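Each chain is listed here by its residues.
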Amino acid sequence: MVDDKKKMHHLLQNDDLYQYLLDTSVYPREPEVLKQLRDATSSHPLAYYGTAPDCGQFLSMLMRLIGAKKTIEVGVFTGYSLLATALTLPEDGKVIGIDINRRSYDVGVPFIKKAGVSHKIEFIESPALLALDNLLEDPNNEGAFDFAFVDADKENYANYHERFLKLVKVGGLIVYDNTLWGGTVTLPDVSLVFPDSRKRGWVELIELNKLLAKDPRVEISQIPLGDGMTLCKRLK
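Residues numbered from 1 in each chain as written. Predicted model: local features only at pLDDT ≥ 70, side-chain atom pairs only at ≥ 80, totals over all residues. Heavy atoms only, no water.

Trainee: Any details on the overall build of the chain? Residues and values, ideally.
Mentor: A count of helices and strands for the chain gives eight helices and seven strands. A globule of 236 residues ought to have a C-alpha radius of gyration of about 18 Å, and the chain, at 17 Å, matches this closely. Judged by the C-alpha coordinates and their principal axes, the chain covers about 50 × 40 × 30 Å. The proportion of buried residues among the 236 residues of the chain is 48%. Within the chain, residue pairs in contact and separated by at least 24 positions form 69% of the contacts whose partners lie at least 6 positions apart. Surface accessibility of the chain: about 11600 Å² in total, with carbon and sulfur atoms responsible for 53%. Computed over 28 positive and 33 negative side-chain charges, the inter-centroid distance for the chain is 3 Å. (Helix = DSSP H or I, 4+ residues; strand = E, 2+ residues; numbered from the N terminus. Rg over C-alpha atoms; globule rule 2.2 N^0.38 Å. Buried < 20%, exposed > 50% of the residue type's maximum accessible area, 1.4 Å probe, protein only. Contact = heavy atoms within 4.5 Å. Areas by Shrake-Rupley, 256 points an atom, 1.4 Å probe, with all protein chains shown as cover. Lys, Arg positive; Asp, Glu negative; His and termini not counted. Charge placed at Lys NZ, Arg CZ, Asp CG, Glu CD.)

In structure tokens form, the structure reads like this:
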């Protein structure tokens, strides 16, 4: 079996089809500075944590479709999706990026500066729940965000959901990454999950999928893009 850290992260039927998608529709439109950051990230020992370029392209289109101006991201890593967001937002737009580890984010800082979008980004080095709760201490932040993207510790996705339903405005979007967890969500027991790195967070992701499906506060669409993404439009 192919090692999960080396294989291409997608849910299509084969790598050739995914490569076709990248070569035909994604790479030709990928900004050069994003390509450079992706190349720089490829040598990182945790490179597979990075947002796939087709997912970055999709997130950018979502933000353009809703006219997002103020966004928030939990789980930054080297900053590919953060930079993609900053490039998408208008000149006076803002994205808050939250991550527990600044060292990985520092890989992306030179590319963010090169792109001329540093003024749109606020990076917070902190456990995400603490940072979100700090934001909620200011009543002006309630319903202040147009868009949120979550690609962090799966064990806390349900906790993040409750915070984002206060931070994101009615009509805004919350996007959760990895919700199909390499297809392992179909397995009947965690003991069958491979590789072992997928065991952590498996139960919580399955519970999250059930929670979102029943949550009357959001309209959802779960799509097999990347490792699975769930889009939530806040209704109330």
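Trainee: Describe the nonpolar core, with residues and values.
Mentor: Formed by 35 residues in total, the largest nonpolar core has its most connected members in Leu59, Leu83, Tyr105, Ile121, Phe147, Val175 and Met229. Of all the elements, helix H4 (residues 80-88) adds the most residues to this core, at five residues. Leave out the neighbours within four places in its chain, and Met229 touches Cys55, Phe58, Leu59, Phe149, Val175, Tyr176, Asp177, Thr179, Ser221, Gln222 and Ile223. Core analysis: the second largest hydrophobic core is formed by 30 residues, Tyr157, Tyr160, Leu165 and Leu208 among them. (Core = buried A, V, L, I, M, F, W, Y, C linked by side-chain atoms within 4.5 Å.)

Trainee: Run through helix H7 (residues 157-167), naming residues and quoting values.
Mentor: Of the residues making up H7, those classed as buried are Tyr157, Tyr160, His161, Phe164, Leu165 and Leu167. Along the long axis of H7, the arc covered by the buried residues comes to 160 degrees, so they all point the same way. (Arc of directions from axis to C-beta.)

Trainee: Requested: an account of the sheet that holds strand E1 (residues 70-74), with residues and values cited.
Mentor: If you trace the seven strands from one edge of the open sheet to the other, you get E3-E2-E1-E4-E5-E7-E6, paired in mixed fashion. In this open sheet, the two edge strands, each paired with only one partner strand, are strand E3 (121-125) and strand E6 (218-223). For this sheet, the mean angle separating the axes of adjacent strands, direction not counted, is 15 degrees. Bridging between E1 and strand E2 (residues 94-99) involves five bridges; their strand directions are parallel. By the bridge assignment, Glu73 is partnered in E2 with Gly97. Relative to E6, helix H8 (residues 202-214) is tilted by about 135 degrees, and along the sheet it contacts strand E5 (168-177), E6 and strand E7 (229-234). (Pairing = 2+ DSSP bridges. Axes fitted to C-alpha atoms, helices over the stretch in contact; angles between N-to-C directions.)

Trainee: Just give me the short version of the state of the cysteines, but keep the residues and values in it.
Mentor: Using the criterion set out here, one finds zero disulfides in the structure. The cysteine Cys55 is free of any disulfide, with Cys232 supplying the nearest cysteine sulfur at 16 Å. On the accessibility criterion, Cys55 (4% relative accessible area) is buried. (Disulfide = S-S within 2.5 Å.)

Trainee: Go over the packing of helix H2 (residues 32-41) against H4 with me, naming the residues and quoting the values.
Mentor: Running from amino to carboxyl end, H2 crosses H4 at an angle of 170 degrees, the nearest separation of the two axes being 10 Å. One finds that H2 runs roughly antiparallel with respect to H4. The residues of H4 that touch H2, namely those facing Val33, Leu34, Leu37 and Arg38, are Tyr80, Leu83, Ala84 and Leu87. In terms of residue class, the contact of H2 with H4 is made up of seven nonpolar, no polar and one charged. (Parallel < 35°, antiparallel > 145°, perpendicular 65-115°, else oblique. Nonpolar A, V, L, I, M, F, W, Y, C, P; charged D, E, K, R; others polar.)

Trainee: Got a sec to walk through a nonpolar patch on the surface? Specific residues and values, please.
Mentor: A cluster of nonpolar side chains, contributed by Leu12, Leu17 and Tyr20, occupies part of the molecular surface with about 270 Å² of accessible area. Tracing the backbone shows Tyr20 in helix H1 (residues 15-26). (Patch = residues over 30% accessible without salt bridge, like charges linked within 9 Å, V, L, I, M, F, W, Y side chains within 5 Å. Salt bridge = Lys/Arg side-chain N within 4 Å of Asp/Glu carboxyl O.)

Trainee: I'd like a description of H2, backed by residues and values.
Mentor: All buried positions along H2 are accounted for by Val33, Leu34, Leu37 and Thr41. Down the axis of H2, the sector holding all buried residues measures 100 degrees, keeping them to one side. Among the structural elements, H4 and helix H5 (102-115) are those in contact with the buried residues of H2.

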